[in-house]
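Residues per chain, in single letters:
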Amino acid sequence: MHDRPVARKIIKLGFQLLFGRRRAHWQDNWPFLKLIRAQHNTPGQILWKGQAAGTLFSVTEFYAAVGREVVIFGSGPSLRSQDVARIDASAALLVNGAVTLMPRLQGAFAIAIEDERFVWRHFGNMLQQLPRDPVFLLSPSVIRAILSHDASWCDGRRIVLIENLYKPFDGARRRFSDASVQKLVTGTGENCFSRDPGVGIIPAGTVAFSAMQFAIAARPECIGLAGIDLSNADGPRFYENGAQAASGIVGAEQRILNHFEYAAEQAGKLGVTIEVYSRVSALLTRGLPYSDRLVQVR
């Protein structure tokens, strides 16, 4: 399973050298992707090699699909022994490799993918044949990687942008202290989340936290966290039986936990209950409550 093509690694390095830290992230779109933002109720556009390749929807498309609860499914090993069918599929938000749960969660309302490396590893065996019904939360680099495989993939799908609040695809890198960031975030640089993920999310080191920001902003009654273990991120994901892709979560674990803990506290103030469905999740060490909802009944 390859990380990303050598050409993309060279392009990434080239942008770092040529444009410096403030604009290196422009490589996410280059050379063929152009994005036109959605404006409120006016859809945006995805252009690939100068041709229309899909539609960008505003975050209201995601909010409209949210019911009384959202369950974010990660890829933690704990899912191997859990009964995911105990969740109403219409509440399921699948992250990365959790899309392999689709046969058991038919009707999942949303899918989130943020890291292009996942696309390069799994486009053919996981992404190519995904249904068109869910709302897709995708980053610019993921859209570009997908279209590199199949220029027609985005057509007919509801795509909402996951955009790093610090790295707008059409602007220079921002600092946490910038006014454009401050007006959208709650918390400090070490513990914060975005109140308006439709404008941009705060990255923490895992797409599960990006998905959580979208979920909190939608204000369901409950957000469940399934397969977000963190404690065993150096082990194989629940869908991995052979080659194991490297994970960056181990090195970022404390930062991730800080952000989840703070976001959960703030969600509580908004009337949103947070539950953890993994008995081995490191989130439990930060006071997030455990629920045995997915424990298999024998």
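For clarity, every value in this text was computed on a predicted model and none was experimentally measured. (Residues numbered from 1 in each chain as written. Predicted model: local features only at pLDDT ≥ 70, side-chain atom pairs only at ≥ 80, totals over all residues. Heavy atoms only, no water.)

Engineer: Quick question: what am I supposed to make of the pattern of salt bridges here?
Structural biologist: For side chains bearing opposite charge, pairing can occur when the charged atoms are close. Going through the model one piece at a time under the given rule, you end up with 12 salt bridges. Between R68 and E221 there is a salt bridge, with the nearest N and O atoms lying 3.2 Å from each other. With R68 in the loop between α2 (60-65) and β4 (69-73) and E221 in the loop between α6 (207-218) and β11 (222-226), this residue pair connects regions lying 153 residues apart in the sequence. The class for R68 is exposed, based on a relative accessible area of 64%. (Salt bridge = Lys/Arg side-chain N within 4 Å of Asp/Glu carboxyl O. Helix = DSSP H or I, 4+ residues; strand = E, 2+ residues; numbered from the N terminus. Buried < 20%, exposed > 50% of the residue type's maximum accessible area, 1.4 Å probe, protein only.)

Engineer: What is the right way to read the pairing of strand β8 (residues 158-161) from this model?
Structural biologist: On a regular strand, one side chain projects to one face of the sheet and the next to the other, so that they alternate. As paired elements, strand β3 (residues 51-57) and β8 share three bridges and run parallel to each other. Within β8, the residue paired with L56 across the bridge is I159. As judged from the four bridges shared by strand β7 (residues 135-138) and β8, these two strands associate in the parallel manner. Looking at β8, one finds that L137 is bridged to V160. Assessed by its sense of winding, the connection that carries the chain from β7 through helix α4 (residues 140-149) to β8 is right-handed. (Pairing = 2+ DSSP bridges. Right-handed = clockwise from strand over helix to strand, strands pointing away.)

Engineer: It is not clear to me how the sheet that holds β11 should be interpreted in this structure. Could you clarify?
Structural biologist: Within a beta sheet, neighbouring strands are joined by backbone hydrogen bonds and run either parallel or antiparallel to one another. Read from one edge of the open sheet, 10 strands run β1-β2-β3-β8-β7-β6-β5-β4-β11-β12, paired in mixed fashion. One side of each edge strand has no neighbouring strand; the edge strands of this open sheet are β1 (33-36) and β12 (273-276). Mean inter-strand twist for the sheet, computed between neighbouring axes without regard to direction, equals 25 degrees. In this sheet, β12 lies alongside β11 in parallel orientation, the contact comprising four bridges. Paired with C222 across the two strands is T273, which belongs to β12. Across the face of the sheet, α4 comes into contact with β1, β2 (44-48), β3, β6 (110-113), β7 and β8 while running at roughly 130 degrees to β1. (Axes fitted to C-alpha atoms, helices over the stretch in contact; angles between N-to-C directions. Contact = heavy atoms within 4.5 Å.)

Engineer: Is there a simple way to think about unusual backbone geometry in this case?
Structural biologist: In most cases, non-glycine residues show a negative phi, while peptide bonds are predominantly trans. Residue P31 is reached from W30 by a cis peptide bond, and omega for that bond is 10 degrees. Although it is not a glycine, K49 adopts a positive phi angle of roughly 55 degrees. Relative to the assigned elements, K49 resides in the loop between β2 and β3. Judged by relative accessible area, which is 54%, K49 ranks as exposed. Here the phi dihedral of N96 falls at roughly 50 degrees; this positive angle occurs in a residue that is not glycine.

Engineer: What should I look at first to understand the environment of D133 in this one?
Structural biologist: Tracing the backbone through its elements, the reader meets D133 in the loop between α3 (116-127) and β7. Note: C-alpha distance between D133 and I10 (123 residues apart in sequence) is 36 Å.

Engineer: Sorry, what's going on with the side chain of D229 here?
Structural biologist: Positionally, D229 belongs in the loop between β11 and α7 (249-269). One buried charged residue, D229, remains without a salt bridge, the closest side chain of opposite sign being R80 at 7.7 Å. Within the structure, D229 has its side chain in polar contact with the side chain of S78 (distance 2.7 Å). Other than its neighbours up to four places away in sequence, D229 contacts G76, P77, S78, S278, V280, S281 and A282. (Lys, Arg positive; Asp, Glu negative; His and termini not counted. Polar contact = N/O pair within 3.5 Å; in protein donor to acceptor, adjacent residues only side chain to side chain.)

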